[in-house]
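Residue-level listing of the chains:
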Amino acid sequence: MGVWLNKDDYLRDLKRVMLCFLIVYMAILVGTDQDFYSLLGVSKTASSREIRQAFKKLALKLHPDKNPNNPDAHSDFLKINRAYEVLKDEDLRKKYDKYGEKGLADNQGGQYESWNYYRYDFGIYDDDPEIITLDRREFDAAVNSGELWFVNFYSPGCSHCHDLAPTWRDFAKEVDGLLRIGAVNCGDDRMLCRMKGVNSYPSLFIFRSGMAAVKYHGDRSKESLVNFAMQHVRSTVTELWTGNFVNSIQTAFAAGIGWLITFCSKGRDCLTSQTRLRLSGMLDGLVNVGWMDCATQDNLCKSLDITTSTTAYFPPGATLNNKEKSGILDRLAHHRWLLFFHFGKNENSNDPELKKLKTLLKNEHIQVGKFDCSSAPDICSNLYVFQPCLAVFKGQGTKEFEIHHGKKILYDILAFAKESVNSHVTTLGPQNFPANDKEPWLVDFFAPWCPPCRALLPELRKASKHLYGQLKFGTLDCTVHEGLCNMYNIQAYPTTVVFNQSNIHEYEGHHSAEQILEFVEDLMNPSVISLTPTTFNELVKQRKHDEVWMVDFYSPWCHPCQVLMPEWKRMARTLTGLINVGSIDCQQYHSFCSQENVRRYPEIRFFPPKSNKAYQYHSYNGWNRDAYSLRIWGLGFLPQASIDLTPQTFNEKVLQGKNHWVVDFYAPWCGPCQNFAPEFELLARMIKGKVKAGKVDCQAYAQTCQKAGIRAYPTVKFYPYERAKRNTWGEQIDSRDAKEITTLIYEKLENLQNHGKRNKDEL
């Protein structure tokens, strides 16, 4: 017997069913599309070390080798492996934060190692607080900080490296405080290791700013390592006596440095000479270390109330705490300062390590001080300083200053201070934001918790030195100035933008000074024309008969498009005057790209000289998308500018003619010859009107090439006209670059011209 439901009951039950379905669907969706940070169980502020540690923990637990009965083990491990591969790379991490997974290539994290690798080889020193694992971006800042570093360059698969690891850990604990102990994983940072001349593992080097690196060649025992390290530690222990005591104390106190003195009485224990030396090394730049023999300096010890063996600290008579608020702005306007801001008792500058800053920054003429914001809140408020921090003031008051956002450790602060005073990056706020500035500005919108943001800051400082007077540099902390960042629709960190009056250009390249400079150069002298549907029709489709175009159809979120863009611009600069280069944003002009039958990104097309044929173009299907490969491909479509020479024309025009010639001797089957052919055509166009360019096929005309002394293909020779019959051998040119060959030829022509003038003068 059926049951009839009224309309209201039916709708209510339907809604319940739909709600249950929606809940189940969302649960599945969340479970299958988990955020990379959540997958690894880290926050968005996690450091590289924290990401490695989190991944290692998960790898040991979830690895398929340990879960043979789980059919999903492989796919589950691929997810965390992909998350790690992306988040460990600062450039990929930025793209992921901005675009999500669609901004990444598909192949990250597709391969992984065995369980044993993650257990024994992965992150060998990540759990050792005394050993600092340095990556490529941190290395130079660390070893150039002025501190002494002993660095172990190792490879995860190296058995000798694993044998050394326990000793290296014990050694690091033994010398903790005397020098910095570092480690570089050459498996992750191959380029850094190559640059430092590391060709075997493990390789141990001592580094100190201003001196060449010293390699350790001794046996790998803790005692030998300690003895070697101590040879490089700056440790001076002064024996004090009546003749030098007063002058030594007063000189140190005048410099704000105290004394740690061991008094040794007869028959009593006192610190050994070895201990005193180690203390001196640990306190270098902070305190002078001395000792006094009270058996011979009895009266002096008694005057100091010393009656037994003891060690005492004598603080300097005056400190350098800049607590006076009066005149602080005047001081900042006339000197370079590294200033610690604190709020009452909550100072962050009491770390004894940081007290070395004054000594280590002396040669940079940077003064070190502290300022209590609770005593003058208006000054700190105007600087948008609301929590303890440190900043560099560059001698122009509060107009030019930069807040430190790195690690609160000595080597990082030293590197920041030295870079900042010599660069031109300014901390921005509402009071100095260049919204309507007539001068161009590069502004980096960032968050201090974001690791890629912190990695970009030193690169900005490098770039600012190269562009001083052309472009101003500033940084804006979006955690402090949220309203300003929202105004410019900042959705990911870091976002780097160039403001040029009403024009705004976002930087999408890698976090390196070199690529930032290329980006700015391209803005000043654009090599790639940004096309719209209208300009594409006007400039490309309706181009003149002798014009050619190369066009990149791209989408900003597409990872291969992002990789291509700097190469595309680099290529365009080499083709100026030969091929017009453009790009069109298919995210912005989606319907237009669909009409043009663009089905993938990036789509690269060459539009040849216009003919009576229908709309025609050639698509690039090459594997390599670098500037060189793309340029060679584009030049290959241009009509030949050089002249094909036969034995007769070579003799008549080159050897007996009245023109300067450059000749490419080649063989059709030769791969390097085929690669060089477009470059030679570019050369022919560059020297047109001054020098003629010819080609000789050495397979067809072997005798001609033999007479010219050709022994390899391709060979380029220059035949200048000097009023006399030319030598068949000519002058060989060893370059394969069109610009270099052009420069060489013009130099030779100038020398010929000067030589001709001298002969006339002599006559």
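Residues numbered from 1 in each chain as written. Predicted model: local features only at pLDDT ≥ 70, side-chain atom pairs only at ≥ 80, totals over all residues. Heavy atoms only, no water.

1. Details of the packing of helix α18 (residues 451–466) against helix α20 (residues 513–524)
- Running from N to C, α18 and α20 cross one another at 50 degrees; their axes reach a closest spacing of 8 Å. What the angle tells us is that α18 and α20 run oblique. Where α18 crosses over α20, the two elements pack in a sense that is right-handed. On the side of α18, the interface is formed by Leu456, Glu459, Leu460, Lys462, Ala463 and His466, while α20 contributes Ala513, Ile516 and Leu517.
- Across the contact of α18 with α20, the residue classes tally to 6 nonpolar, 1 polar and 2 charged. (Axes fitted to C-alpha atoms, helices over the stretch in contact; angles between N-to-C directions. Helix = DSSP H or I, 4+ residues; strand = E, 2+ residues; numbered from the N terminus. Parallel < 35°, antiparallel > 145°, perpendicular 65-115°, else oblique. Left-handed = near helix turned anticlockwise from the far one by under 90°. Contact = heavy atoms within 4.5 Å. Nonpolar A, V, L, I, M, F, W, Y, C, P; charged D, E, K, R; others polar.)

2. Description of the environment of Tyr313
- Mapped onto the secondary structure, Tyr313 falls in strand β9 (residues 310–314).
- On the accessibility criterion, Tyr313 (44% relative accessible area) is partly exposed.
- Apart from residues no more than four positions distant in its own chain, Tyr313 is found in contact with Gly258, Trp259, Leu260 and Val287. (Buried < 20%, exposed > 50% of the residue type's maximum accessible area, 1.4 Å probe, protein only.)

3. Let's talk about helix α8 (residues 159–174)
- In this model, α8 (16 residues) spans 24 Å end to end at C-alpha, consistent with the 22 Å of a helix rising 1.5 Å per residue.
- Where α8 bends most, at Ala165, the angle is about 35 degrees, and the proline Pro166 comes one to four residues later.
- Among the residues of α8, Cys161, Leu164, Ala165, Trp168, Phe171 and Ala172 are the ones counted as buried.
- Buried residues belonging to α8 abut β1 (131–133), β2 (149–154), β3 (180–185), β4 (203–207) and α10 (222–230). (Expected span 1.5 Å × (residues − 1). Bend = angle between axes of the 7 residues up to and from the residue.)

4. Some details on the environment of Thr262
- Assignment of secondary structure puts Thr262 in strand β7 (residues 258–264).
- C-alpha separation for the pair Thr262 and Met292, spaced 30 residues apart in sequence, amounts to 6.3 Å.
- The residues contacting Thr262, other than those within four sequence positions of it, are Cys270, Leu271, Arg276, Gly290, Trp291, Met292, Thr310 and Thr311.

5. Overview of the sheet that holds β1
- Overall, mixed pairing links the 5 strands, which are arranged β1-β3-β2-β4-β5 in an open sheet. Looking along the sheet, the strands with just one partner apiece sit at the ends: β1 and β5 (214–215).
- Two elements, β1 and β3, share 3 bridges in a ladder whose sense is parallel. By the bridge assignment, Ile132 is partnered in β3 with Gly182.
- α8 contacts β1, β2, β3 and β4 of the sheet and is inclined by roughly 160 degrees relative to β2.
- Across the sheet, α10 is in contact with β2, β4 and β5; its angle to β2 comes to roughly 135 degrees. (Pairing = 2+ DSSP bridges.)

6. Regarding the pattern of salt bridges
- A complete count under the given rule lists 22 salt bridges for this structure.
- Glu402 serves as the salt-bridge partner of Arg461, at 3.0 Å between the closest nitrogen and oxygen. With Arg461 in helix α18 and Glu402 in strand β13 (residues 401–403), the pair connects residues that are 59 residues apart, well separated along the chain. Each member of the pair Arg461 and Glu402 is classed as buried. (Salt bridge = Lys/Arg side-chain N within 4 Å of Asp/Glu carboxyl O.)

7. A look at the packing of aromatic side chains
- A full pass over the atoms with the stated rule returns 43 aromatic pairs.
- Plain terms: the ring middles of Phe205 and Phe207 are 6.0 Å apart, the flat faces sit at 40 degrees to each other, and that makes the pair tilted.
- The class for Phe205 is buried, based on a relative accessible area of 10%.
- Among the aromatic residues, ring-to-ring pairing joins Phe150, Trp168, Phe171, Tyr216 and Phe228 into one connected group.
- Seen from the ring of Tyr746, Lys690 lies directly overhead, with NZ or CZ sitting 4.9 Å from the centre.
- The side chain of Arg736 reaches across the aromatic face of Phe676, ending 5.7 Å from its centre. (Phe/Tyr/Trp six-rings, centres within 6.5 Å; stacked < 30°, edge-to-face > 60°. Lys NZ or Arg CZ within 6 Å of the ring centre and 35° of its normal.)

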